[in-house]
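# Per-entry structural report
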2 protein chains.
Amino acid sequence: MTDAATASLFRYTYLATDGAARLGRVETAHGPIDTPAFMPVGTAGTVKAMRPEQVAETGAQIVLGNTYHLMLRPGAERIARLGGLRRFMNWPGPVLTDSGGFQVMSLSTLRKLDEDGVTFQSHIDGSRHRLTPERSIEIQHLLGSTITMAFDECTPYPATRDQAAESMHLSMRWAKRSRAAFEQRNGYALFGIVQGGVYEDLRRQSVDALTDIGFDGYAIGGLAVGEPHDEMLRVLESVTPLLPDDRPRYLMGVGRPQDIIAAVARGVDLFDCVMPTRSGRTAQAFTRRGTVNLRNARHADDSRPLDETCDCPCCRDYSRAYLHHLVKAGEMLGPMLLTAHNLQHYQDLMAGLRGAIGEGRLTAFLETRGSEYASGDIPPSA
Amino acid sequence: MTDAATASLFRYTYLATDGAARLGRVETAHGPIDTPAFMPVGTAGTVKAMRPEQVAETGAQIVLGNTYHLMLRPGAERIARLGGLRRFMNWPGPVLTDSGGFQVMSLSTLRKLDEDGVTFQSHIDGSRHRLTPERSIEIQHLLGSTITMAFDECTPYPATRDQAAESMHLSMRWAKRSRAAFEQRNGYALFGIVQGGVYEDLRRQSVDALTDIGFDGYAIGGLAVGEPHDEMLRVLESVTPLLPDDRPRYLMGVGRPQDIIAAVARGVDLFDCVMPTRSGRTAQAFTRRGTVNLRNARHADDSRPLDETCDCPCCRDYSRAYLHHLVKAGEMLGPMLLTAHNLQHYQDLMAGLRGAIGEGRLTAFLETRGSEYASGDIPPSA
């Protein structure tokens, strides 16, 4: 079989566009993904505080796993022996794994980067490990990832032009090695990652390098790392028009609902972020009127649901007063319910975006949602 | 309406007996309870790590709430304003609340006991509180409890005969005041609590005092507080034959599966214990072959389910290796799945006991289960 033939079952098709925004579908070996899509993060083989069937109930079709965490614990070879990550964590749908590069930089200690790869110390037990493009791809293969990410270095922010260029060129050499190491199979995919910091010419060089190599999808990396919102949008506006329009585009690690809305309008298809799950564990809930902190004492006697426009189990069955009580009492059900709500909020947002693109009313949707998010929480009842 | 008329909708009927064991049903204002029954503990208005619908899925028909915890946080008057405990926690079935007496003794500090009641300091914030029989009953009324427990002092173990007698007599005077303070309503119940430590004559006096007052059910208190298993059985054997056979009998705070089996055989109908939920949060799982510690490294590569005889979501969808990973990684899904399994194990045990009593084969059931529980965990696979 040729690469072209085997890759044909991983397919992105767009059904409608509205400006730069695209309504589409990604077909994979493990099921479809309707885009724009948000991928809940299942760092260590679990979307924290959720049973996988509850994740699916929110409408999520794909979850993300972290190569760095899983290689350290329980280990990629172990997961492979146990049937792969999807079976291990009981998630029948597609899984995307990152390459480990980002977490090595943000979590590990005593890092040593060279042309071949990176050596680092585990944040869990201090043990020494090494990641190279070849090993990252091998780990993701062992995990059985539906979508494998090329191994890259995430350029820090801020970075000088020279630093950003050097880092981007290294990532492009690693992208080529990642492609060579990846075993193409039906319905599986390898994504390249555009780097280059906030420098448009570097981003353009990165896109050229990646499209020369050829990937099944293209991610935009090195954003949501501290740069201003407008800077992120400027980079997106310069990058997305350069990307092949028959491949999905993935903005890594983004983000707030407002960021996702803005990126969808600029042609991005896939998103992931720990925000809905992490916020759920710190009593922060996303609503159309902005975030609500359930720890706040003003909720103690509030019999209303968290979000009257949401029909998730958290909003259907419980009062703000109860959620506040769970948070104050340190009860696990608090994070469980708030995580479920936040993931539902994100999935409802994506469904809303898909509907708006399909019906050519994205501009109106953006205006309505934008002003809702800015309007603040529902005032306390009289 | 007379007391007799209003009390008539809370009704215990037994359908079969096998030796001293009883197969029965309790009808309440909030639904039936098939007995012998195990009541999961929802201390602070939540069965820890479980959504209430998941608790119901295990077969549980009634949950327990703790007056001490709920009066301190979020407060009984607040719960009443929010529609009562059942609505607050989204549990449509019956709820039993304890009187607060036991937790005051085990959790609070700076306790001062007098004839009228007990003053104590909250273990949460050091605030001063007072419980009397009247206030305990009022709190349980505010919570909307289906089954209210009389306020008592749980006699410590060990206690001299004089100490046990003094404590029991105080509890009997408080039982009378509890009865007077309780507002009888259709389908709701007040249970008295037999005390007297390990002294059979004191237990008999306590039963006489309570049955003179008249209660809708009778609990056996002051057991599972550190006394040997045989001592507990001896007390049970002396007490249960004295209790009216048309009222449910509740052994408070018990216990291990072996304890429950032994108590059912001696005529007990209702149980509660934190063991399945607490064990679920400390990686201990109940199986027919005894408890399994999922933290143990021997599970790291074990692809088998936790308990091959169990069809709960935890055993149906996950390997021991995955559960071990969740425990090691400190992931919330570990306690969530293990709690669900443990509660399922307890409910399956109760269903097994009910089936055995109904078919007159309790002796055989006890022998089989007893030897299973003693046989130890399934050996690792080859």
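Thresholds applied
- Residues numbered from 1 in each chain as written.
- Chains lettered and ligands numbered in written order.
- Predicted model: local features only at pLDDT ≥ 70, side-chain atom pairs only at ≥ 80, totals over all residues.
- Heavy atoms only, no water.
- Contact = heavy atoms within 4.5 Å.
- Buried area = accessible area lost by both parts, 1.4 Å probe.
- Salt bridge = Lys/Arg side-chain N within 4 Å of Asp/Glu carboxyl O.
- Polar contact = N/O pair within 3.5 Å; in protein donor to acceptor, adjacent residues only side chain to side chain.
- Helix = DSSP H or I, 4+ residues; strand = E, 2+ residues; numbered from the N terminus.
- Buried < 20%, exposed > 50% of the residue type's maximum accessible area, 1.4 Å probe, protein only.
- Lys, Arg positive; Asp, Glu negative; His and termini not counted.
- Pairing = 2+ DSSP bridges.
- Axes fitted to C-alpha atoms, helices over the stretch in contact; angles between N-to-C directions.
- Parallel < 35°, antiparallel > 145°, perpendicular 65-115°, else oblique.
- Nonpolar A, V, L, I, M, F, W, Y, C, P; charged D, E, K, R; others polar.
- Least-squares fit on C-alpha atoms with pLDDT ≥ 70 in both.
- Core = buried A, V, L, I, M, F, W, Y, C linked by side-chain atoms within 4.5 Å.
- UniProt positions renumbered as here; feature names shortened; annotations may be inferred.
- Disulfide = S-S within 2.5 Å.
- pLDDT = per-residue confidence, 0-100.

### A closer look at the interface of chain A and chain B
Residue-level contacts link 39 residues of chain A with 39 residues of chain B. Here chain A packs against chain B, burying approximately 3500 Å² in sum over the two surfaces, 55% of which is carbon and sulfur. By the criterion of area lost to chain B, the three top residues of chain A are R51(A), H325(A) and M332(A), representing 20% of everything that side buries. At the boundary of chain A and chain B, one finds 6 salt bridges. A salt bridge links R81(A) to D301(B); the shortest N-O distance between them is 2.9 Å. Linking chain A with chain B are 18 residue pairs in polar contact (both at pLDDT 80 or more), by the criterion used here.

### With respect to the side chain of E227(B)
Residue and element names in this part refer to chain B. Mapping E227 onto the fold places it in the loop between β12 (217–220) and α10 (229–239). Buried and without a salt bridge, E227 has R203 as its closest oppositely charged side chain, separated by 7.4 Å. Within the local environment of E227, its side chain forms a polar contact with the backbone nitrogen of A224, the two atoms lying 2.7 Å apart. Among the polar contacts listed, one links the side chain of E227 to the backbone nitrogen of V225, at a separation of 3.0 Å. Discounting chain neighbours no more than four positions away, the residues touching E227 are Y157, G222 and M232.

### Quick notes on the sheet that holds strand β1 (residues 11–18) of chain B
Residue and element names in this part refer to chain B. Spatially, 3 strands are ordered β1-β2-β3 in an open sheet, and the strand pairing comes out antiparallel. The sheet terminates laterally at β1 and β3 (33–35), the two strands that pair on one side only. On average, each strand axis in the sheet is inclined to that of its neighbour by 15°, with strand direction left out of account. Pairing of β1 with strand β2 (residues 21–27), which is carried by 7 bridges, proceeds in the antiparallel orientation. When the sheet's bridge partners are listed, D18 is paired in β2 with A21.

### Some remarks on the packing of helix α14 (residues 320–328) of chain B against helix α15 (residues 333–358) of chain B
All names here are of chain B. Look at α14 against α15: their axes get within 8 Å of each other, and the N-to-C directions meet at 130°. Here α14 lies oblique to α15, going by the angle between them. Residues Y322, L323, L326 and V327 of α14 lie in contact with α15, whose contacting residues are L333, G334, L337 and L338. Residue composition of the contact of α14 with α15, by class: 7 nonpolar, 1 polar and no charged.

### So, the pattern of salt bridges
Enumeration according to the criterion identifies 50 salt bridges over all chains in this entry. Close ionic contact of R78(A) with D301(B) constitutes a salt bridge, the shortest N to O distance being 2.9 Å. Pair noted here: R78(A) is in helix α4 (residues 76–81) and D301(B) is in the loop between β16 (290–293) and α13 (313–317), and the two residues belong to different chains. Accessibility expressed as a relative area gives 40% for D301(B), which makes it partly exposed. The partner of R130(B) in a salt bridge is D114(B), and the shortest N-O contact between them spans 3.0 Å.

### Here's the deal with the relation of the copies chain A and chain B
To go from the first copy of the chain to the second, apply a rotation about an axis and then a shift along the same axis. Overlaying chain A with chain B gives an RMSD of 0.0 Å, the required rotation being 180° about an axis along which the chain moves by 0.0 Å. Each copy turns onto its partner about a two-fold axis. Judged by C-alpha distance, M332(A) is the residue of chain A that lies nearest the rotation axis, at 3.9 Å. A symmetric contact is evident, with 100% of the interface residues of chain A recurring at the interface of chain B.

### What to know about the nonpolar core
Taken as a class, soluble globular proteins show a tendency for nonpolar side chains to be buried jointly. In this structure, F271(A) and F271(B) are the most contacted members of the largest nonpolar core, which totals 198 residues. With sequence-adjacent residues up to four places away left out, F271(B) is seen in contact with A37(B), F38(B), M39(B), Y250(B), L251(B), V254(B), I260(B), A263(B), V264(B) and M350(B).

### Digging into the UniProt feature "binding site: Zn(2+)" (unreviewed entry) in chain A
Residue and element names in this part refer to chain A. UniProt records the feature "binding site: Zn(2+)" (unreviewed entry) for C310, C312, C315 and H341 in the present numbering. What stands out for the annotated residues spanning 32 residues is how close their C-alpha atoms remain, the widest pair being 8.2 Å apart. Here C310 shows up in the loop between β16 (290–293) and α13 (313–317). For C310, a relative accessible area of 10% gives the class buried. Look past the residues within four positions of C310 in its chain and what remains in contact with it is C315, H341 and Q344. Assignment of secondary structure puts C315 in helix α13.

### Points about the sheet that holds strand β2 (residues 21–27) of chain A
Residue and element names in this part refer to chain A. Here 3 strands make up an open sheet; going across it, the order is β1-β2-β3 and the pairing antiparallel. Sheet topology places β1 (11–18) and β3 (33–35) at the edges, where each strand pairs with a single neighbour. This sheet shows a mean twist of 15° between the axes of neighbouring strands, independent of strand direction.

### Describing the state of the cysteines
Linking two cysteines covalently via their sulfur atoms produces the bond known as a disulfide. For the coordinates displayed, the defined rule picks out 0 disulfides over all chains. Between C273(A), a free cysteine, and C154(A), which holds the nearest cysteine sulfur, the sulfur-to-sulfur gap is 13 Å.

### Observations regarding the confidence of the model for chain A
Residue and element names in this part refer to chain A. Mean pLDDT over chain A: 94, with 96% of residues reaching 70 or higher. Counting contacts from residues 1–8, a segment whose pLDDT is below 50, to residues more than four positions away or on other chains yields 9 contacts. For this predicted complex, the interface score ipTM comes out at 0.96, while the overall pTM is 0.96.

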